[in-house]
Amino acid sequence: MRVRLDPQDEYLHELGPEPTFNESMYFNVYDPGAQLGGFFRLGNRANEGRGEMTVCLYLPDGRVAFMFQRPEVHTNDAFDAAGMRFEVVEPFEQLTVSYSGGVVLLEDPLAMANPRRAFTENPHADCEVALVYRRVSDMFGGEPEEAHERPGEEFARGHYEQLVSAVGTCRVGEQQWQLAGFGLRDHSWGPRTWQAPWYYRWLTANFGAEFGFMGSRIARRDGEGTRGGFVWVGARMIPVHDLRISTGWEGQERYHRSIEAVLRAAGPGGEPLEWTVTGRVLNLIPLRNRRDGLVTRISEGLTEWTLGDGRVGYGWSEYLDQIVDGAPVGLEE
C-alpha cells in the first residue's frame, strides 16, 4: 500500500465532512529508573462538537493517576483542550506535551471498569505534566493513496507512528518526578468510531534508542483483518508483515496479563527475519467507550517486554475488544 507523508501532516488537517471525523495525537513514555510512565491523548471530534482528552500516569507505587474529559470542540485548529496541549516544535523531530488539571488517584486501577464509581469513590489531586518529545526512529505510516477501509469500519484514513524519547517533569499532588525515558507517539485523522474494529492488539516497546517495535493486529467481524507493524534496528526501519500473539488472561473479567508474540519481516535480500518477545503486564487500567448501544473495552497495560536474546524493554499492550454477552470477543488471541 503506497502512502503519502509530508512534514505538513504533523499539523492539523482540514476538517472532513464525516460526522465521526476525528483527528488525534497520542504519546506514551516510560522511565524504568523512576518506575514512572504514562500516556496522553487528545482527539478533536469537531463535527460532534466535542473532543476526547486522556491523561494516564502509572505511578511508582502502583497507583494510576487518570483523567478523561469530553471538552467542547468546534474547530480542528489546534490540539488544546481540557488542560492538555500538544505543540509541534519541528515536524518529525520535536513536539511538546503539557497538562494542567485534575486526576483521580486509583489504588486499584481495575476500578475504572466502573467509571462513575471510580471517580466518586477515589481521591482527586492536581496534576502538572511538561514533556519534550524527540525523534528516535523514522516515521512509519502516512495516508494511503487509495481508500483502505470499508464503510462502517473506518478507524483512521491517515495514520503514522514514531519511536521517541521524552524528558520533563510530572507532578501529582505534592509529589514531583523528573522523567527521562522512551516511548512511542502516533497521529491519525479521518472518520473513527471505537466500535469499528471487532478487536485489536497494539503492542509498543522500546529497548533504548537502538531497538524497538510496534505490532498491530486488527480483526474484522467477518474476516481475518490485518497483521503488521515495524521493528527499529539501529538506524533501519523494517516493516513487519506478520504478527502472531498468544495471550494469558486473568480473572472473571478476562484482562490480559501475559503475552507471547512473534514479529516476522523480510530482510534487504528477502531473507526471513523473526523476533520473539514475551510481555509481562505490570499494571493495567480498563477504559470503556459506549456508542449506539454497543460497549467497547480498551485495556491499557504497562508492559515489560523480554526479547528472545534476553534484552528487556518497556512499553504498552493496548487491547481493544467489543464486549458481547459480558465477555471480550478476542479471547482466542
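Everything discussed here concerns the structure shown above.
K.L.:
How do you make sense of the overall build of the protein chain when you look at a structure like this?
P.N.:
Across its full length, the protein chain carries one helix and 21 strands. Whereas a compact globule of 333 residues would reach a radius of gyration of roughly 20 Å, the protein chain reaches 19 Å, a difference of no more than 12%. The buried share of the protein chain, taken over its 333 residues, is 53%. If you take every contact in the protein chain between residues at least 6 apart in sequence, the share linking residues at least 24 apart comes to 58%. Surface exposure of the protein chain reaches about 14,400 Å², of which carbon and sulfur atoms provide 48%. For the protein chain, the separation between the mean place of its 33 positive charges and that of its 49 negative charges on side chains is 4 Å.

K.L.:
Whenever I open this one, the pattern of salt bridges confuses me. Can you help?
P.N.:
Pairing between side chains of opposite charge can happen when their charged atoms approach one another. Evaluated as defined, the whole model comprises 29 salt bridges. Put simply, D9 and R4 hold a salt bridge, and the shortest N to O gap is 2.8 Å. Under the relative-accessibility criterion, D9 is labelled buried at 3%. Linking R185 and E10 is a salt bridge whose minimum nitrogen-to-oxygen distance equals 2.7 Å. One end of the pair, R185, is in strand β12 (residues 175–191); the other, E10, is in the loop between β1 (3–4) and β2 (21–31), and 175 residues separate them in sequence. Looking at R185, the relative accessible area reads 1%, which means it is buried.

K.L.:
Just checking my understanding: could you explain the packing of aromatic side chains for this structure?
P.N.:
Each pair of aromatic rings is reported with the distance of its centres and the angle of its planes. Tallying each qualifying case throughout the model produces 17 aromatic pairs. Pairing F27 with Y133 gives two aromatic rings, centres 4.8 Å apart and planes at 50°, and the pair type is tilted. With F27 in strand β2 and Y133 in strand β9 (residues 124–135), this residue pair connects regions lying 106 residues apart in the sequence. Given the relative accessible area of 1%, Y133 is considered buried. Both rings, one in Y160 and one in W189, keep their centres 6.0 Å apart while their planes meet at 70°; by these two values the pair is edge-to-face. Of this pair, Y160 sits in strand β11 (residues 158–172) while W189 sits in strand β12, and the two are 29 residues apart along the sequence.

K.L.:
It is not clear to me how the pairing of strand β17 (residues 255–266) should be interpreted in this structure. Could you clarify?
P.N.:
A regular strand places its side chains so that they alternate between the two faces of the sheet. Here strand β16 (residues 236–250) runs beside β17; their pairing, made up of 10 bridges, is antiparallel. Bridge pairing in β17 places S246 opposite E260. Relative to strand β18 (residues 272–291), β17 runs antiparallel, the two being bridged by nine bridges. Bridging across to β18, R264 finds its partner in E274. Taking the residues that link successive antiparallel strands as the turn, the β17-β18 hairpin has five residues, and the phi of G270 there is positive, at about 90°.

K.L.:
What should I look at first to understand the side chain of S299 in this one?
P.N.:
Within the secondary structure, S299 is located in strand β19 (residues 294–307). Taking the relative accessible area as the measure of exposure, S299 reaches 2% and is therefore buried. A distance of 3.3 Å separates a polar atom in the side chain of S299 from a polar atom in the side chain of R297. Excluding its chain neighbours within four sequence positions, the residues that come into contact with S299 are Y255, H256, L284, I285, P286, S317, E318 and Y319.

K.L.:
Would you mind showing me how to read the environment of L42 here?
P.N.:
Positionally, L42 belongs in strand β3 (residues 36–45). Sequence spacing of L42 and Y200 is 158 residues, and the spatial spacing of their C-alpha atoms is 20 Å. In this view, L42 contacts E23, S24, M25, E52, M53, F79, D80, A81, M84, R85 and F86; residues no more than four positions away in its chain are not counted.

K.L.:
How should the state of the cysteines be read in this particular structure?
P.N.:
Disulfide: a covalent bond connecting the sulfur atoms of a pair of cysteines. Under the counting rule described, the total for this entry stands at zero disulfides. The cysteine C56 is free of any disulfide, with C127 supplying the nearest cysteine sulfur at 11 Å. For C56, a relative accessible area of 0% gives the class buried.

K.L.:
I keep staring at the side chain of D186 and nothing clicks. Help me out?
P.N.:
With respect to the helices and strands, D186 occurs in strand β12. For D186, which is buried and forms no salt bridge, the nearest opposite charge comes from R192, at a distance of 5.8 Å. Apart from the residues within four sequence positions on either side, D186 is in contact with S24, M25, Y26, H159, Y160, E161 and W202.

K.L.:
What's the story with the nonpolar core in this structure? I'm lost.
P.N.:
Considering soluble globular proteins, one finds that nonpolar side chains tend to be buried as a cluster. Counting 34 residues, the largest nonpolar core has F40, L57 and V172 as the members making the most contacts within it. Ranked by size, the runner-up nonpolar core spans 28 residues in total, among them F66, M112, W316 and L320.

K.L.:
What's the story with unusual backbone geometry in this structure? I'm lost.
P.N.:
Glycine aside, residues mostly have negative phi, and peptide bonds are mostly found in the trans state. Despite not being glycine, R254 shows a phi value in the positive range, around 60°. Here R254 lies in the loop between β16 and β17. Even without being glycine, D325 reaches a positive phi, approximately 55°. The exposure class assigned to D325 is exposed, which follows from its relative accessible area of 81%.

K.L.:
Could you clarify how one ought to interpret the environment of E10 in this entry?
P.N.:
With a relative accessible area of 1%, E10 lands in the buried category. Along the primary structure E10 and Y255 are separated by 245 residues, whereas in three dimensions their C-alpha atoms are 34 Å apart. With near-sequence residues (within four places) excluded, E10 lies in contact with M25, V88, P91, F92, L95, Y160, R185 and H187. In terms of polar contacts, E10 uses its side chain to reach the backbone amide nitrogen of F92, at 2.6 Å.

Cut-offs applied
- Residues numbered from 1 in each chain as written.
- Predicted model: local features only at pLDDT ≥ 70, side-chain atom pairs only at ≥ 80, totals over all residues.
- Heavy atoms only, no water.
- Helix = DSSP H or I, 4+ residues; strand = E, 2+ residues; numbered from the N terminus.
- Rg over C-alpha atoms; globule rule 2.2 N^0.38 Å.
- Buried < 20%, exposed > 50% of the residue type's maximum accessible area, 1.4 Å probe, protein only.
- Contact = heavy atoms within 4.5 Å.
- Areas by Shrake-Rupley, 256 points an atom, 1.4 Å probe, with all protein chains shown as cover.
- Lys, Arg positive; Asp, Glu negative; His and termini not counted.
- Charge placed at Lys NZ, Arg CZ, Asp CG, Glu CD.
- Salt bridge = Lys/Arg side-chain N within 4 Å of Asp/Glu carboxyl O.
- Phe/Tyr/Trp six-rings, centres within 6.5 Å; stacked < 30°, edge-to-face > 60°.
- Pairing = 2+ DSSP bridges.
- Polar contact = N/O pair within 3.5 Å; in protein donor to acceptor, adjacent residues only side chain to side chain.
- Disulfide = S-S within 2.5 Å.
- Core = buried A, V, L, I, M, F, W, Y, C linked by side-chain atoms within 4.5 Å.

Everything listed is a geometric property; what it means functionally is a separate question.
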